Amino acid sequence: MPLAVVTASHSPLMHTVAPRGDAQTAVDSAFAQARAFAAEFRPDLVVVIAPDHYNGMFYDLMPPFCVGTAAEAVGDYGTAQGPLAVDREAARHVVREVLAAGVDLAMSERMVVDHGFAQPLELLFGGIDAVPTVPVFINSVAVPFGPVCRTRLLGEALGRALLALERRVLLVGSGGLSHDPPLPTLDGAPPEVAARLIAGRHPTPGERAGREARVRDAGLAVVAGEPGPRLNPAWDRAFLDLLAEGRLKATDTWTNAWITAEAGNSAHEVRTWLACYAALAAAGPYDMRSSFYRPIPEWIAGFGITTAEPRRNS
Ligand SMILES: O=C(O)/C=C/C(=O)/C=C/C=C(\O)C(=O)O
Ligand SMILES: [Fe+2]
């Protein structure tokens, strides 16, 4: 049974900061195209691969990869709060098979997720609990990271596990591309920030509002004419080309320091895209069906959306 892929950037600023020109319309229409692709594929399982931003995963125990056999969204940046419709049996199958393939990953019976998971579920399917889901977390924010090839191998193992299910599985990758939004780092953090990064679960509504306001203000500063964090459209386009041409192994030589220097601290979120495409490649040659890209400084994001499916016999 087939696999298919949709990947999309997410942004906490998407619904609160208006970008210049026609960027909003262009993004809306690219999402409409991705929605139509997903609807036509008729998935009976959606595997969402996404990062977290210190809402569910903290430095008290930070896994590189984790599958949720049950999951709840915190409801940040205007996304819904509540349980995801996790397909528990499929999630447990994925954990078993990926571990058996030699790729270590954690499992959570109470995974907590944020807008990284919720935004694509809402934008593609209309809600966080609208489709049977297996949530797969890839740490893309909390350094240190393992080598990029580990993510590719995770994707390959995931793809093989999903093929064995004999279901119509849509993989959704969330995050990237080049971007560096304001996110605290543990190194050099003042004690109260470090405490939040280590175990900042259940913030008060005031604390959450403060965090969200800081990110929104960064976007509004760009709207007001400040330069904002650097994006790297050339790097983003090269990554999109690499995916379209199936040259996934080329990322094995990428170092984490190089990714950060070229594309920003949060560019590591492209690991979610790499895992999706590696999973799809496990089913054989594929074709990218659509590829949208815009640098959107007001959202502090090189913003991309792609769709892909196995190559059809001609
Ligand atoms: O300041 C904080 O504690 C949290 C900041 C965020 O959650 C920022 C998120 C940014 C993205 O998800 C992005 O990919 O741009
Ligand atoms: Fe993010």
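The rules behind each value
Residues numbered from 1 in each chain as written. Chains lettered and ligands numbered in written order. Predicted model: local features only at pLDDT ≥ 70, side-chain atom pairs only at ≥ 80, totals over all residues. Heavy atoms only, no water. Axes fitted to C-alpha atoms, helices over the stretch in contact; angles between N-to-C directions. Helix = DSSP H or I, 4+ residues; strand = E, 2+ residues; numbered from the N terminus. Parallel < 35°, antiparallel > 145°, perpendicular 65-115°, else oblique. Left-handed = near helix turned anticlockwise from the far one by under 90°. Contact = heavy atoms within 4.5 Å. Nonpolar A, V, L, I, M, F, W, Y, C, P; charged D, E, K, R; others polar. Donors = N, O, S within 2.8 Å, 3.2 Å for Na, K, Ca; no water. Buried < 20%, exposed > 50% of the residue type's maximum accessible area, 1.4 Å probe, protein only. Pairing = 2+ DSSP bridges. Disulfide = S-S within 2.5 Å.

Colleague: Looking at this structure, how should I read the packing of helix α2 (residues 88-100) against helix α4 (residues 148-165)?
Modeller: Packing of α2 against α4 leaves a shortest axis separation of 9 Å and a crossing angle of 130°. Relative to α4, the element α2 lies oblique. Of the two elements, α2 crosses α4, and the hand of that crossing is right-handed. Contacts from Ala90, His93, Val94, Glu97 and Val98 of α2 reach α4 at Leu154, Ala157, Leu158, Ala161, Leu162, Ala164 and Leu165. Across the contact of α2 with α4, the residue classes tally to 10 nonpolar, 1 polar and 1 charged.

Colleague: Sorry if this is basic, but what is going on with the coordination of the iron ion (ligand 2) here?
Modeller: Around a metal, the ideal angle is 109.5 degrees if four donors adopt a tetrahedral arrangement and 90 or 180 degrees if six donors adopt an octahedral arrangement. Around the iron ion (ligand 2), the protein contributes the donor atoms His10 (NE2), His53 (NE2) and Glu269 (OE), which lie 2.1 Å from the metal centre. Along the chain, the residues that donate to the iron ion (ligand 2) are spaced as H-x42-H-x215-E. Here the residue histidine 53 occupies a position in the loop between β2 (45-50) and β3 (65-68), and glutamate 269 occupies one in the loop between α8 (256-263) and α9 (270-281), the gap between them amounting to 216 residues. The pair histidine 53 / glutamate 269 is uniform in exposure class, with both members buried.

Colleague: How should I be thinking about the sheet that holds strand β4 (residues 71-74) in this particular structure?
Modeller: Backbone-to-backbone hydrogen bonds pair the strands of a sheet. The strands run either parallel or antiparallel. The strand order across the open sheet formed by 3 strands is β5-β4-β7, and the pairing between neighbours is mixed. Of all the strands in the sheet, the pair left with one neighbour each is β5 (81-83) and β7 (111-113). Neighbour-to-neighbour, the strand axes of the sheet open up by a mean angle of 15°, direction not taken into account. Taken together, the 3 bridges between β4 and β5 define a ladder with antiparallel strand orientation. In the strand pairing of β5, valine 74 is matched with glutamine 81.

Colleague: What exactly am I supposed to notice about unusual backbone geometry here?
Modeller: Leave glycine aside and you will find that most residues have negative phi; peptide bonds, for their part, are mostly trans. Cis geometry is found at the peptide bond from valine 143 to proline 144, where omega equals 5°. Take proline 144: it is sitting in the loop between β8 (133-138) and α4. A cis amide bond links glycine 176 with the next residue in sequence, leucine 177, at an omega value of 0°. With respect to the helices, strands and loops of the structure, leucine 177 is situated in the loop between β9 (169-174) and α5 (191-199). One non-glycine residue with positive phi stands out, namely glutamate 166, at about 55°. Within the secondary structure, glutamate 166 is located in the loop between α4 and β9. In this structure, histidine 202 takes a positive phi of about 55° despite not being glycine. Judged by its relative accessible area of 75%, histidine 202 falls in the exposed class.

Colleague: Looking at this structure, how should I read the state of the cysteines?
Modeller: One way to say it: the disulfide is the covalent bond shared by the sulfur atoms of two cysteines. Applying the stated criterion to the full structure yields 0 disulfides. Cysteine cysteine 66 is unpaired, with the sulfur of cysteine 276 as its nearest cysteine sulfur at 16 Å.

Colleague: Any chance you could explain the sheet that holds strand β11 (residues 301-310) here in plain terms?
Modeller: The strand order β6-β3-β8-β2-β9-β1-β11-β10 describes an open sheet built from 8 strands, whose pairing is mixed. Whereas interior strands pair on both sides, the edge strands pair on one side only; in this sheet they are β6 (106-108) and β10 (286-296). Adjacent strand axes in the sheet meet at a mean angle of 15°, parallel and antiparallel pairs treated alike. Strand contacts of helix α1 (residues 23-41): β1 (3-8), β9, β10 and β11, with the helix running at about 20° to β11, the strand carrying the most contacts. Its contacts with the sheet place helix α7 (residues 233-244) against β10 and β11, and it is angled at close to 170° to β10.

Purely spatial values, then, with no claim about function.
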